[in-house]
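# Secondary and tertiary structure notes
So the chains spell out like this:
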Amino acid sequence: MKNVFFSFHYDNDVNRANVVRNSWAIRGNKAAGFIDKADFEEIKKKGDKAVYDWIDKQLIGTSVTTVLIGKDTCNRKFVRYELQQSYKRGNKIIGIYIHNIKDMRTGLTSSKGNTTFGSLGKKSNGEDVYFFQIAKTYDWINDNGYENFGKWIEG
């Protein structure tokens with residue numbers, strides 16, 4: 001069983017992210033990268049370094065990083081850092097579009113986000129590595145994520 005780190009834009013997408021995480025955890029799997037909003041706010045008060053340290057700690061023991069792609073995910077510096085660190089440690093990286101999942105509070109879906117996260121690292125020849133070069137993407141709703149997520153992780 002693989003340990004999965006979930007990367008997402010907390011403020012915009014935590015409800016949608018919980019749909020994905022809960023479908024993974026309900027099957028007895030381990031999920032990292034989730035934190036209570038109050039706890040995250042406490043970490044953020046200590047500054048960016050504290051957040052980066054928390055992310056580094058959460059990535060320990062994971063082999064897959066799943067970025068849950070919402071409307072503004074690609075603009076988040078912490079998501080970019082999570083992906084860069086995941087690439088550096090050799091984690092498999094996949095993307096899941098979550099815009100079609102209804103938000104539990106509003107009942108609304110969102111706009112589809114994009115995957116322009118910038119460079120995730122360097123190849124051995126010094127060339128930049130980008131998300132689209134190394135990651136497969138799926139749509140949680142259209143690709144039946146509830147049934148297929150395990151296959152995406154293992155595949």
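Up top is the structure.
Residues numbered from 1 in each chain as written. Predicted model: local features only at pLDDT ≥ 70, side-chain atom pairs only at ≥ 80, totals over all residues. Heavy atoms only, no water.

## Considering the packing of aromatic side chains
Note the following rule: Pairing of aromatic rings covers Phe, Tyr and Trp, the last through its six-membered ring, and needs centres within 6.5 Å; plane angles under 30 degrees mean stacked, over 60 mean edge-to-face, and all others mean tilted. Helix numbering and strand numbering both begin at the N terminus, where a helix is a DSSP run of H or I of at least 4 residues and a strand a DSSP run of E of at least 2. For every residue, the accessible area obtained with a 1.4 Å probe (protein chains only) is divided by the maximum for its type, and the residue is called buried under 20%, exposed over 50%, and partly exposed between those limits.
Tallied over the full model, the rule gives ten aromatic pairs. Taking the centre distance of 6.3 Å and the plane angle of 80 degrees together, the rings of Phe 149 and Trp 152 count as edge-to-face. Of this pair, Phe 149 and Trp 152 both sit in helix α6 (residues 145–154), three residues apart, roughly one helical turn. Phe 149 sits in the buried class, given a relative accessible area of 1%.

## Remarks on the nonpolar core
Heads up, the rule is: Residues grouped as a nonpolar core are buried Ala, Val, Leu, Ile, Met, Phe, Trp, Tyr and Cys residues, joined through side-chain atoms within 4.5 Å. Any two residues whose heavy atoms approach within 4.5 Å are treated as being in contact.
Ranked by size, the top nonpolar core spans 19 residues in total, and within it Phe 6, Val 20, Leu 68, Ile 96 and Phe 149 carry the most contacts. Of all elements in the fold, only β1 (4–7), α1 (10–25), β3 (64–69), β4 (92–97) and α6 reach the threshold of two or more residues within this core. Looking at which element gives the most residues to this core, the answer is α1, with five residues. Excluding anything up to four places from it in sequence, Phe 149 contacts Phe 6, Val 20, Trp 24, Thr 66, Ile 94, Ile 96 and Trp 140. One finds Val 79, Tyr 97, Phe 117 and Ala 135 within the second-largest nonpolar core, a separate group that totals eleven residues.

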